[in-house]
Amino acid sequence: MHQDYSEEDFDPDDQLRGKDVGVRSPTQDVNPSSQEAKDKKMSLEELKKMGRAERQRMREERRRQKSDSDSESEYLVGKLAEIALTVREPDPVEGTGLIYDERMLKHKNLWDDHHPENPARISGPFKRCCELGLIDRCVRLEAQYSTEDMILLQHSQMLIETLKQTTEMNLEELRAKAIKYDSIYLNNSSYECALLSLGSTVELMEQILKRKVRNGMAIIRPPGHHAMTEEFNGFCFFNNVAIAAKHALENLKLKKILIIDWDVHHGQGTQQMFYNDPRVLYFSIHRYEFGKFWPNLRESDYDFIGEGKGLGYNINVPLNQIGMADHDYLAIFHQILMPIASEFDPELVLISAGYDCAIGCPEFEPELVIVSAGYDSAIGDPKGQMGVTPAAFAHLTHKVMSLAQGRVAVILEGGYCLKSLTESAAMTLRTLLGDPCPRIPPSQEPCDSVTESILNVIKVLRPHWKCLQYQGFTSDPCPYEEVNQLPPKPDVQFMDVENKPKEYPECLEPYPVEEYYEEDRKCSPIIDRLIAKTNLDKAKHRTCIAYDEGMRAHYTSSSYYHPEAPDRITRIFDKHTEWGLTQRCTRVETRMATEAELALIHSTTYLDEIKSLEDKNPFELKKLERKFQSIYLCRDSYFCARMAAGFVLDVVDNVMTGQSQNGVAIVRPPGHHAECTEAMGFCFFNNVAIAAKYAQNKYNVKKVLIVDWDIHHGNGTQRQFYDDPSVLFISLHRYDRGFFYPSSPQGCPTMVGKGEGTGFNVNIAWNNGPMGDSEYIAAFQQIVMPIAYEFGPELVLVSAGFDAALGDPLGNYLVTPLGYGHMTHMLSSLANGRVILALEGGYHLAAIANSMAMCTSILLGDACPHLPYTEPKDSAVQCIRDVLDVQKNHWKSLKFRVNIKTKEDNEEDHLKAKESQRTMEDEEDEEKMNELAKKLTDIQVTEDSSNPREDVVIQNSDGSSEKSSKEIMDEMKEPMEASSKGADNPVTKGEGGKKHTVEGEDPGSLCAKGGEVRGAEGGRQPSDATPLSANDVLKQLETQGHTQMFAVTPLPWCPHLDTVTPVPRGRIDTGAPCEECGDVTENWICLVCYKVFCSRFVNEHMLMHGVMEEHLMCLSFSDLSVWCYGCDHYIDNVALFHAKNAAHCDKFGSSLPTPPSLSQT
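What you see is a predicted model, and the numbers here were worked out from it, not measured in a lab.

(A) Looking closely at the environment of Ala847. The residue Ala847 is located in helix H26 (residues 845–859) in this model. Residue Ala847 is classed as buried on the basis of its relative accessible area of 0%.

What follows is the structure, encoded as structure tokens:
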């Protein structure tokens, strides 16, 4: 049946223009009878031309009839259009506000020149920021005096009068007044400085909320977070952060504020002021030592979680030993703060930024984020005695900048090692300005003490927060004994009302200078080395971008539509231009990858084979396509694939040479499925794998992180680095127990690498979807980021496929552009900001354009968009647990996946708390969604028809053969112990090719009845797979919005619907073979005569049947979609329901919901 093609018959320019070459096309009316067509032996090209003319006539007819059409499907599509929202451009608010005023230097201790809370605490950081050129880049805001009305929001009039009186006191009177308060000194300027400190905090917050600046820092003193309603305390007079938060709530009408207090001392004043207020989430990380560290309060422990309506909104992470370092603080952020903060969803973030946890210190979705920025946990601080490095504060700041659309106010609190304080504060400001986070050494194992604290916090907060579900919760004890106990420790003397002293004469005693300077001498060299080693280089340009229309030349010559179409990159680039992103990026020059560069991954024999495409005619190309899996070919495929790979390498050059900080490659064809000797899944050359090898060879990069968030497992990339510890490969993909393309057990979570590479392959394999933003963000928080920090990459490459996006016809997942933006933000904290995104899949044109543009916006430094929180699906939580169970054997940062002992009453509390979180507003929204969903029950988001999947044997670069995919799957049928009881059950460690145990995973289900492997364009799902419902899509559209549902929107009506005949005997056998060739891999059924034939990807018998018999309507057994050969388009109309329902009943054993129009008749 194939026609012979000569060079004269084939015009390669047709492909560049997007024309169809050598494609059989159906027609109607033009051919009086099928016999006449046969007699004339009409060429397929002539048939195609007549078909196009007929289709154009029908399109014009449909346009005329459109206004009169009242079909059910058209109504439903219209309803979707009504609720769809366009993704907004990046927030234009720019600038980092800074407040510093030398008048605040006047507050100093008159009887102790060496007191740690001295004027140098703010003059030093300001000077260091000037040296780094940061001050000139800030928006300078004028310091303001607070009003008394503002102070009265949290303090009494008596307290104001007490401090006001100090302005005229002599030295003795000041000393007499000071001893009445714990850790306080006074002078005649203390009141003025306290007014300035508070007024500046409020001013900074207001400027952020007025969108005059995006974020900001207040370098102020005296600090404030210890100040209580009726009492000065701990160097603090007025509680700057608490008053600012109260002002935002009461006067500016904010609803949710997150206060982060990382000062090494517990901010008991702030806690007390919001202890029963659910509008404020107070999060404190502080040195506690079971109550032995100042302020020695029982209320500073982890079990004080708020009261009344505020229950669960007060979070204390007590540090019970000194020496906590970067990895301990990162673990707290990954395990507790970021998950809860995302769920809380604040409008503002305020940071009480104490830097007394820094090394060298002698003491330890939101509307707004306020950070009580104490730096006394910094390394070298003589009070904090912790070991947090200055660079780590950049990373902590960067993480919270993903909240509240970047509305973050950092307010200086403590910090008493000046060298560490000044550097830490400078790193914080540098991050607020958008500079890349300095690369820090790979994270070490979190100490057991902080592990106990984290697990204890999770233990008491789990009933109140949906995100804390990744430990095992049974009656079995925790391996960390402290978690099995309840506080307090015996024989600990707490400060309370009964034993509180009336006076504190020790505040008049000179500070122990020798002790302070001894600590300073010991830590100063360490801090100097840290500063010297910290790379503060910043590239000349922020982001480079690679794009060339020449890559459109790769175009299918054998079908009217293929999802991997040239418009994919055009639409993405156009969206970049529309948002003004291309103007802000540096364009890289077009270049082709050399054969030597391609040979870094691919064999020369394979390269020669792909190169030979340039000399083949369409018939030869069509014949060669059958050799590969899910691949189409044209003469320019080799040219485009070389250009795609070359562009990615160009971006690597641009980033590694310091020309750009990060980069984006808008390229096609994609690459992550391509093997050493095999093209598959639309991929020819493995662009990202080649880039990783190229960076290692040319720039001596020691560690490369590859994150693949394409919905399909990157089998080609995994195989290239499976035994290589220098490349960490993390893939998040739809797995469906091995049924989803590439339909191989290689994507299983237990495939962890082999040899030296064991543990450096991480598969986050989703089952029972569809998954969306919340599931992907949870996986990043629990798995991706902890492992990435422990690995410590020098370069991050992202296989950025967007086929997990909402509306994608192949992925059927729910990730939005906002979700992709947040994932990009998290990764950008790694590798000194050297992050490169290379386009892989994604077939919903609007979704890929918005998604990749959002990622580029984030790389350019724009604020993260608001991402509403939804609870991750139970199946996603289980998938994450499965991965943690496997990978915790290889990564110490995942040690938190253990059992936490619970009691029955605790479980009841958990259920009650979970139920109470369903507010009336949520219930009303649910009711509205259900009502709308009833009107949309016959709308389906389906996958395109699949290619037949052959048993592929992959060859290594040395020519040796590995086991075929069938052999691997047969091995996976063998029994394996399932870890079905959570964290404490044994898991078989993965090494080499050994089998593993994964909780809930049944490898034998790969061949279960009703399941079948699928090609890259879709196919049959396992019988127990959860379909993507209209309600799933609607909920995402209601929350986020999209302008289109499908990459190819089905037509709601076509003129050939009246040719559809009733289903014979009301039954369709979806397992029937092709009547011509007997093939069963990918078949369609004619809706006119109900004969079964194979698809265009097998032997094209359905296409031939449609053309010759003029039976134009057919239904796919793979995804139950209906195609019209007369219209060359998918059709979705209520008239097709009975045929689709019969096929659905046979395939899945259940009926489709009856459309309203049918149920009423």
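Next comes the rest of the account.
(B) Up close: unusual backbone geometry. Here the residue pair Trp294 and Pro295 is connected by a cis peptide bond, since its omega of 10° sits within 30 degrees of zero. Within the secondary structure, Pro295 sits in the loop between strand S5 (280–287) and strand S6 (314–319). Cis peptide bonds are those with omega within 30 degrees of zero, and the linkage from Tyr741 to Pro742 qualifies with 10°. Looking at the secondary structure, you find Pro742 in the loop between strand S15 (727–734) and strand S16 (761–766). Residue Asp736 is not a glycine yet carries a positive backbone phi of 50°. Inspection of the secondary structure assignment puts Asp736 in the loop between S15 and S16. When its relative accessible area of 4% is taken as the criterion, Asp736 is described as buried.

(C) Molecular detail of the pairing of S15. Burial analysis of S15 places eight of its eight residues in the buried class, the great majority of the element. Judged by which residues are buried, S15 turns out to be covered on both faces: Val727, Phe729, Ser731 and His733 on one side and Leu728, Ile730, Leu732 and Arg734 on the other are all buried. Examined bridge by bridge, strand S14 (residues 704–708) and S15 share five bridges and lie parallel to one another. Considered in S15, the bridge of Ile706 is made with Phe729. In this region the chain leaves S14, passes through helix H23 (residues 715–720) and returns to the parallel neighbour S15; the handedness of that crossover is right-handed. Bridge count for S15 against S16 is six bridges, and the pairing is parallel. Across the sheet, residue Arg734 finds its bridge partner in S16, namely Trp766.

(D) Focus on the confidence of the model for the protein chain. On average, residues of the protein chain score 82 in pLDDT, and 76% of them reach the 70 mark or higher. Note that pLDDT drops below 50 for residues 1–42; the model gives that stretch 90 contacts with residues more than four away or on any other chain. Note that residues 65–86 has pLDDT below 50 and, in this model, 38 contacts with residues that lie over four places away or in other chains.

(E) Region of the structure containing the state of the cysteines. Considering all chains together, one arrives at zero disulfides under this definition. The thiol of Cys1086 is not disulfide-bonded; the next cysteine sulfur, from Cys1089, is found 3.6 Å away.

The rules behind these values
Residues numbered from 1 in each chain as written. Predicted model: local features only at pLDDT ≥ 70, side-chain atom pairs only at ≥ 80, totals over all residues. Heavy atoms only, no water. Helix = DSSP H or I, 4+ residues; strand = E, 2+ residues; numbered from the N terminus. Buried < 20%, exposed > 50% of the residue type's maximum accessible area, 1.4 Å probe, protein only. Pairing = 2+ DSSP bridges. Right-handed = clockwise from strand over helix to strand, strands pointing away. pLDDT = per-residue confidence, 0-100. Contact = heavy atoms within 4.5 Å. Disulfide = S-S within 2.5 Å.

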